[in-house]
Each structure stands twice: as structure tokens, then as C-alpha cells.
Amino acid sequence: MRLMDTNLLSVILFTPLVGAILLLFVPGRLANAHRWIANLFGFAGFLVSLPLIGRFGAGAPGFQLREDYDWIPSIGAKYSLGVDGLSFVLVLLTTALGAIAILSSWSAIQTRVKEYYILLLLLQSGMLGVFMSLDFFLFYVFWEVMLVPMYFLIGVWGSDRRLYAAIKFFLYTLVGSVLMLLAILRIYFGYMSEHAGAYTFNIQALLESTKSFDPSLQQWLFWGLFFAFAIKVPMFPFHTWLPDAHTEAPTAGSVILAGVLLKMGTYGFLRFSVPMLPEATKHYAWLMMVVSVIAIIYGALVCMMQKDMKRLIAYSSVSHMGFCTLGIFALTPMGLQGSILQQLNHGISTGALFLIVGVIYERRHTRLISEFGGLSTPMPNYATIYLIITLSSLGMPLLNGFIGEFLILRGTFEVTGIGSHPANGKYFAAWAVAGIVLGAAYLLWLYQRVMFGKVTNPANEKLPDLNVREFACLVPLVLAALWIGIYPAPVLRYLEEPANAIVQRVNPEYFSARAARVPVEVAAPAQPPSGASEHSDLPPAAPTR
């Protein structure tokens, strides 16, 4: 218990890693033992993250539950962990989806079971480390650690074109990582030159140092970080690795990739690019908003043309993540809160969609839309859950997608100019709404083709409905979608402070302009008491100041 009190974040971080190490000593022939141990540690990883809800103070400024230990003193690197409202929600999303992804793999993985679960647990620890790190060097280590397990998950347990997809994913991410490393080193040496040779990778110290960097240097650093994070989101036109990786990855890999790994890109923007380089962010924000709107519409249009269910959902991620980046670069509190909430929503809804496709694939070993039709007859429970998740993904009111998209559009609508650029948020919001309409079109069309009509393919006539394990994977995500859609206030309470802090640092003009628009109440002149004439003998009122 003392360990949980003083080192809660480390316990959350290393619980999956302990499971992976334990699996090393279990003989490979005991496949079921590997399944049970992996699921035990996946569920334990989620359970040990739940105390965060009680220990974390919503609305408190700065990072909480800090842990700081010397790691490599010669270069100023520390083992430094902490969470704010932004990383708090992403840590809980990671532990929940990690447990669900591990459970979903029970019957889907039949070869190299031991290696599969070791890599999946190692990936879980790498992702958690990215969201918890308060040391830039430690952050970069975790960023690279998660790359290797995902490469093997796609390349070994993927579909027919798995090697092509794995290599493409690895090369895209590696190029971005190298550019990010160069930017980190320049920030590191810039701090040294300003502080008489003192060196540190502490994110908060570097955050204060970069404010004094020359605007031209900030712009170069912005692009160095931009490529790493834009590839990971992915933003248009760096998205081409994503459909291949999603399509070829095993179901659990797709769930983790969509639900968590893509959020590492938007997290990088929110934690590093935007607050560290405010002048460069304002200079390029309008361009980032343009690219975001292109991604929203382009991704939705390409979805309309897909014949593979998994590939369609992969392209929908390009469109949905475009909303997240649009909210970030609107640089308004509501836009930022909507962006973070939509990242959570996307992990829930799109993760569930990939699980839904995985259920069908296990039964029929095909993802072609043309192979299905009328599945609501043999699989009514499956059809019901699929419908709820589809509606949540397209932004139906009272489901989670609606409130996130609404906040993003509301925050974007407020934009009247960013820095020296006269950006008009109304036009960006109007174009983004077109993406919502297209999203409803391709998602409902997909559902209609797969679920409605007569069962024309004899192979689909006696498909079994959801089993208990599949219910256990999908029902928590359905409940989360309903809860956030009906009552999002508890989640938004955690997001308000970090969103306001980012805007105050990067776009303080927003608050001053908003204060100037608030009408000042002017007190009405005092009226004489009833029955008193204009020349009453009552003493005059004291002058107001």
C-alpha cells in the first residue's frame, strides 16, 4: 500500500512490464497459461490505474503525483513522472483499452502465443510512459520503445500484406522520430547556452526556456516536432501508412493503434509543440487548420469508396483525427477541451468498431463488405451493439461523439484571427460540418449493407451471435459512449485547467478580447424615495468612486 501511495504512476507504468517478464519464464507450449497470465496483468493494469480518479485533483494547476529520481546525471536526464488533466484521461484510456485488446485476442491468436502477449504487454508500458514522462529524454525512450512491439505485431500476426504494412509503419515513424530527436537536442543545447552550461531534459524547465528563443528558431523547431507528431496522428498528407497498418494488423493491434497510438501525436502537439513554441504555433496555426479540414473531408470521401470494412474504418480515423487537430490549432479553450475529449471518444468508438470487424473476421475470415448482408437476422445482439457504436462514431446526440465535435466546432467558430493572420473560424467550422455529414453517410451506408436486407450468402445464415467474452469486450465501450454522451461534465472538469493554461500561454489575446466583449453593468441613477419630491430635504447621496 505504501508503494501505491508514493509511486502510483510507477506501479501503473510497470504492471504490464512485470507481466511480460513473467511470461518469459512460462514454456511456450502452454498457450492457455500465457492467455490467462496476460489477461490477468492486463486487467490488473486497469485496476491499479483506478486510484488515479480519487488521487488526482481536477482543476488543480500543474502536474500531480510527481515522481523524480536521478537517472543519467551526466546529461541531466531524470526518471520523472507526473500527470495533469490531459495525461490523466489518456492514461485511463490506455489501461482500459489495453485490457480489452488483450481479452479480444483469446481465440484470434493461435500461433506464437507467448511472443504475442509479451509484445502486447510491452507495448502497453511504452504507451503509458509516453503520457506520464516529464523528462524529454525519458519521453523519447518510451516513444521509441512502443515502435518495436507494434512493428512485430503487424509483421508477424497480420494479414497477407503484413510485411509491407509493418515496414511502412516503421519507416514513417522512424523518420519523424529522427527529426524530433534533432529538435529535442537543439532545445536542450539552447537551454545550456542560456543557463551557463547547466543542462536538463526537464520538460517544465525547457518550457520556460523556449519562450526566449528567436522566432525564426522557434519555426525550425516547430517543423522538427511537427513531422514526428503529424505522422503519428496522422495528418494529411502523412496518412498513407495508416490504412495499410490498420488493415493488416491483428484486431488487438488495430484497437491499440486507433485507440491509443494515434493519440500520441495529438498529445505531442498539446504537450510540446504548442506550449513550447508559442510564436511559431500562432504563425502556422491557420495552415494547420487548413490541413485539418482537408483531412476531415478527404478521409470521409475516401471512406465512401472502400470495399474492405477495416480499411473504411481506418480512413475514418483520418477524418476524425482531423477534428482533433482542428480543435488544437483553433487555440481556444473550448476547441482544446473538445479536441482532448474527442481523442477519448475516438479511442472508444473506433476501438469498438475494430473489435466489431474482428468478431466478423473470426467467423468468416473475410472483411469484404460484399460478402455480407442481413447479419441482423442471425446476430441480433451484434447488430444492436454495432448500431450504437456507429451512431456514437457519427456524432449522434446523447452519445460521446456529439459533445466532442460540438465543442470543437464551437471553439473553432470563435476564431477571428490567430497572431497576424486574419483567420476566420466560421469558414473552417462550416467546412468541418461537411465532414460530419459525409461521416454519417459512409457509416450508415456500411451498416445498411452489412446488417440489413436478406441473407444472400449461405455462409452467413448460421453465424453465431456474440459470446460472453465478446460481450465483455464491447459492453464497457458502449456504456462509456453513453455516459460521456449523456453526462460529460466529470470528464470536462479534468480538461478545463490544462486547456486554459495552454491558451493563456500561447494565445492570451483570446482572454483579453473576451473580457473586452463582456458588457459592463452601469448602475442606474438613484431614484428619490417614494413620496419625496425633487427638492426633498434628504441629504444628497455620497459620490460614487
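Everything discussed here concerns the structure shown above.
All values derive from a computational prediction rather than experimental measurement.

This part covers the state of the cysteines. Under the criterion given, the structure shown has zero disulfides. With no disulfide of its own, Cys303 lies 15 Å from the sulfur of Cys324, the closest cysteine sulfur.

Most of strand E2 (residues 77–83) is tucked away: six of the seven residues are buried. Strand direction decides the pairing type here: strand E1 (residues 64–72) and E2, joined by six bridges, are antiparallel. When the bridges of E2 are listed, Glu67 appears paired with Leu81. The turn linking E1 back onto E2 is made up of four residues, and Gly76 within it adopts a positive phi angle of 80°.

Right, let's talk about empty space enclosed by the protein for a bit. For the coordinates displayed, the defined rule picks out four cavities of 30 Å³ or more. Roughly 100 Å³ of internal volume is contained in the largest cavity. Considering the residues around the largest cavity, the lining is formed by Ser104, Thr251, Leu355, Gly358, Val359, Glu362, Arg469, Glu470, Cys473 and Leu474. Those elements giving two or more residues to the lining of the largest cavity turn out to be helix H16 (333–364) and helix H20 (468–486). Residue composition of the lining of the largest cavity, by class: four nonpolar, three polar and three charged. For the second largest cavity, the calculated volume is near 60 Å³. Along the walls of the second largest cavity sit His320, Gln342, Asn345, His346, Ser349, Thr350, Ser392, Ser393 and Gly401, which together make up its complete lining. Counting residues per element, the ones that place at least two in the lining of the second largest cavity are H16 and helix H17 (380–394). Top contributing element to the lining of the second largest cavity by residue count: H16, with five residues. The residue makeup of the lining of the second largest cavity, split by class, is no nonpolar, nine polar and no charged.

Here is what the cut-offs are and how they apply
- Residues numbered from 1 in each chain as written.
- Predicted model: local features only at pLDDT ≥ 70, side-chain atom pairs only at ≥ 80, totals over all residues.
- Heavy atoms only, no water.
- Disulfide = S-S within 2.5 Å.
- Buried < 20%, exposed > 50% of the residue type's maximum accessible area, 1.4 Å probe, protein only.
- Helix = DSSP H or I, 4+ residues; strand = E, 2+ residues; numbered from the N terminus.
- Pairing = 2+ DSSP bridges.
- 1 Å grid on protein atoms, 1.4 Å probe; cavity = no way out; pocket = protein on both sides within 12 Å on 5 of 7 lines; lining within 4 Å.
- Points joined across faces, edges and corners; volume = space filled by probe spheres on them.
- Nonpolar A, V, L, I, M, F, W, Y, C, P; charged D, E, K, R; others polar.

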